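Chain by chain, the residues run as shown.
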Amino acid sequence: MLELTDLKVHDESRQGEAYNPSTGKPLVLGKRFYIESYGCQMNFADSEIVASILNDSGFDATSYPEEADLILINTCSIREKAEQTVRNRLQTFREVKQDRPGMLVGVLGCMAERLKSKFLEEEKLVDIVVGPDAYRSLPGLIQEAESGQKAVNVLLSREETYADISPVRLDSNGVTAFVSIMRGCNNMCSFCVVPFTRGRERSRNADSIVEECTSLFNQGYREVTLLGQNVDSYYYYPDIPGNGPARPVTFAMLLERVADISPALRVRFSTSHPKDITDEVLYAICRHENICKYIHLPVQSGSTRILQLMNRTYTREWYQARIERIREIIPGCGISSDIIAGFCTETQEDHQDTLDLMKQSRYDMSYMFYYSERPGTLAARRYTDDVPLDIKKYRLDEIVKLQNRMSLDSNRQDIGTVCKVLIEGDSKKSARDWMGRNSQNKVVVFPKKDVSFNKGDYAIVKIKECTGATLIGEALAKEAIAEGSGDLKESIFS
Ligand code: SAM
Ligand code: SF4
């Protein structure tokens with residue numbers, strides 16, 4: 001149980017996912033690469049940029065490491081456990097390499113900077129190490145490594161956003177896609193390694209984001225998730241030479257521009273920071289039916305004292321006021337959170353504050369972890385990691401149990417209601433059922449029966465029963481959306 005929840009920040013079903021679009025196809029470009037991705041959605045989106053860069057320099061994809069000329073692992077270092085997983089995979093690839101001596105192994109992403117000398121020189125596990133802002137240099141580094149040199153580029157950049165690179169969608173369902181709108185983070189939460197591994201925050205050109213989303217829609221995608229570590233601080237100054245100072249694009253403006261692409265394109269975003277989420281964003285959600293009524297608003301702790309130590313820059317009361325504002329402006333909005341148990345000096349009373357705040361916030365879902373000290377972070381330098389592991393795990397277990405009860409309660413309240421579901425594909429359990437999500441990001445499963453839906457269609461579903469993780473329903477209608485008008489037209493077929 002604890003093992004599972006410890007990985008929950010990331011979509012567990014995707015950890016280690018490999019790139020597989022051309023399996024079984026003849027080799028077109030000459031060489032093959034295999035890529036495995038770990039960590040958050042941003043890392044998975046980065047792997048899609050890497051795939052594009054590799055395609056352009058003559059590499060086809062394979063889903064079999066044994067037939068690859070180049071094996072890449074896109075790494076995460078948010079918690080110690082994520083690092084250990086990557087290290088184990090590298091050992092496995094070292095064995096694969098023994099049978100294929102010319103094959104190269106590379107480490108990408110967040111672990112690159114911290115572990116470059118260990119991986120390259122001490123443990124001799126890899127040939128190439130590339131940090132998250134240096135993917136453009138990958139083709140040159142591959143050449144260096146092919147000539148027997150150790151190839152490294154872990155430089156962080158203040159400008160790189162990969163705005164001009166069209167990501168190659170990996171393991172895509174063809175319906176939902178992630179789009180990075182910014183990189184890095186300036187927040188310096190004391191527990192977090194991201195500002196050190198991914199560098200300063202920078203926002204991507206708004207036009208290139210809208211173009212990418214439009215192109216996805218034209219290819220048949222029906223949902224985009226705009227990604228950033230702190231999307232509310234998105235701020236882009238268009239560069240219009242000779243036209244004087246241009247009006248900056250805020251996150252609320254960007255959201256509306258993406259939503260205006262088509263009423264049939266759903267828009268989601270992640271992650272919002274409680275100190276930065278604005279009423280403008282909340283009103284933008286209200287104005288657009290296709291901006292999903294779901295906000296991920298990580299609290300981390302319910303104790304103001306711990307929040308201060310975490311450098312989250314808000315109090316428990318500030319956070320509660322933001323939750324109330326969301327519920328006031330967007331009735332029925334889905335809300336989820338991230339929670340850390342057992343941060344430095346956390347007492348039983350602080351822990352109780354977290355449980356109480358969870359109850360008041362009535363989260364539909366949470367990603368829950370126990371604190372894992374990361375080298376180089378403010379907390380590692382300033383505070384003692386003094387909560388014993390068994391207490392951390394015990395508190396996490398209480399948090400998980402409470403969330404499970406609240407998720408079940410939240411889902412039970414949906415029984416008897418009708419919601420609009422974007423179909424993502426077959427249900428994992430049975431190909432006789434469709435699986436999709438409603439606007440609140442809840443998973444909805446319903447029988448295919450004799451109705452002719454396709455992936456990417458919108459279904460109007462009546463919820464009949466539920467588990468803590470899934471709503472189970474019956475389709476009432478297929479929804480057609482009149483292009484350009486924003487009108488929703490239902491064709492009732494029962
Ligand atoms: N930028 C987002 C935010 O501020 O909410 C999330 C970034 S981080 C990739 C995702 C989550 O991992 C955090 O919200 C936090 O709950 C968790 N996390 C980060 N560092 C951690 C650590 N050292 N130990 C345990 N959990 C951690
Ligand atoms: Fe890490 Fe805080 Fe930035 Fe999120 S906002 S990435 S938790 S430093």
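Enquirer: What is the right way to read the layout of surface pockets from this model?
Expert: By rolling a water-sized probe across the atoms, one finds the places where empty space is left. Counted as a void, the second largest pocket has a volume near 490 Å³. Lining the second largest pocket are 22 residues, and of these Asp364, Ser410, Gln413, Asp414 and Lys442 lie nearest its centre. Of all elements in the fold, only helix H14 (389-412) and strand E18 (418-426) reach the threshold of two or more residues within the lining of the second largest pocket. Per-element tally for the lining of the second largest pocket: the top contributor is H14, with three residues. In terms of residue class, the lining of the second largest pocket is made up of nine nonpolar, seven polar and six charged.

Enquirer: Just checking my understanding: could you explain the site of ligand 2 for this structure?
Expert: Within the structure, ligand 2 sits among Cys185, Asn187, Met188, Cys189, Phe191, Cys192, Val194, Pro195, Gln229, His273 and Arg312. Its residues placed into classes, the shell around ligand 2 shows seven nonpolar, three polar and one charged.

Enquirer: Would you mind showing me how to read the packing of aromatic side chains here?
Expert: Two measures describe an aromatic ring pair: the distance that separates the ring centres and the angle between the ring planes. Under the counting rule described, the total for this entry stands at nine aromatic pairs. Connected via pairs of aromatic rings, a cluster forms that spans Phe191, Phe343, Tyr371 and Tyr383. Note that Lys420 overlies the ring of Tyr458, its terminal NZ or CZ placed 4.5 Å from the centroid. Over the aromatic face of Trp434 sits the side chain of Lys448, whose NZ or CZ is 4.3 Å from the ring centroid.

Enquirer: Can you help me understand the pairing of strand E20 (residues 443-447) in this one?
Expert: Successive side chains on a regular strand alternate, one facing one side of the sheet and the next facing the other. Within E20, four of the five residues are buried, which leaves it mostly tucked inside the rest of the structure. Pairing between strand E19 (residues 433-437) and E20: five bridges, direction antiparallel. Directly across from Arg437, in E20, lies its bridge partner Val443. Taken together, E19 and the strand that follows it, E20, pair antiparallel across an intervening segment of five residues, in which Asn441 is found at a positive phi of about 75°.

Enquirer: Sorry, what's going on with the site of ligand 1 here?
Expert: Not every one of the 16 residues close to ligand 1 is listed here, only the nearest: Gln229, Pro298, Gln300, Asp338 and Ser372. Here Gln300 contributes a side-chain N or O atom positioned 2.7 Å from an oxygen atom of ligand 1. In this structure, Ser372 approaches ligand 1 through a main-chain N or O atom, which is 2.7 Å from a nitrogen atom. Its free accessible area being 560 Å², ligand 1 has 94% of it covered by the protein chains.

Enquirer: What should I look at first to understand empty space enclosed by the protein in this one?
Expert: All told, the structure shown has two cavities of 30 Å³ or more when counted by the stated rule. Size it by volume and the largest cavity reaches roughly 80 Å³. Taken together, 13 residues line the largest cavity, and the ones lying closest to its centre are Ile49, Pro167, Ser180, Arg204 and Glu212. Where the lining of the largest cavity is concerned, the elements lending two or more residues are helix H2 (41-56) and strand E8 (176-180). In terms of residue class, the lining of the largest cavity is made up of seven nonpolar, two polar and four charged.

Enquirer: How do you make sense of the nonpolar core when you look at a structure like this?
Expert: When a protein is soluble and globular, its nonpolar side chains tend to lie buried together. Core analysis: the largest hydrophobic core is formed by 57 residues, its most contacted members being Leu226, Tyr234, Phe251, Leu254, Val258, Phe269 and Ile295. Counting residues in each nonpolar core, the second largest holds 25 residues, with Phe33, Ile35, Leu72 and Leu138 among its members.

Rules and cut-offs
Residues numbered from 1 in each chain as written. Chains lettered and ligands numbered in written order. Predicted model: local features only at pLDDT ≥ 70, side-chain atom pairs only at ≥ 80, totals over all residues. Heavy atoms only, no water. 1 Å grid on protein atoms, 1.4 Å probe; cavity = no way out; pocket = protein on both sides within 12 Å on 5 of 7 lines; lining within 4 Å. Points joined across faces, edges and corners; volume = space filled by probe spheres on them. Helix = DSSP H or I, 4+ residues; strand = E, 2+ residues; numbered from the N terminus. Nonpolar A, V, L, I, M, F, W, Y, C, P; charged D, E, K, R; others polar. Near = heavy atom within 4 Å. Phe/Tyr/Trp six-rings, centres within 6.5 Å; stacked < 30°, edge-to-face > 60°. Lys NZ or Arg CZ within 6 Å of the ring centre and 35° of its normal. Buried < 20%, exposed > 50% of the residue type's maximum accessible area, 1.4 Å probe, protein only. Pairing = 2+ DSSP bridges. Polar contact = N/O pair within 3.5 Å; in protein donor to acceptor, adjacent residues only side chain to side chain. Areas by Shrake-Rupley, 256 points an atom, 1.4 Å probe, with all protein chains shown as cover. Core = buried A, V, L, I, M, F, W, Y, C linked by side-chain atoms within 4.5 Å.

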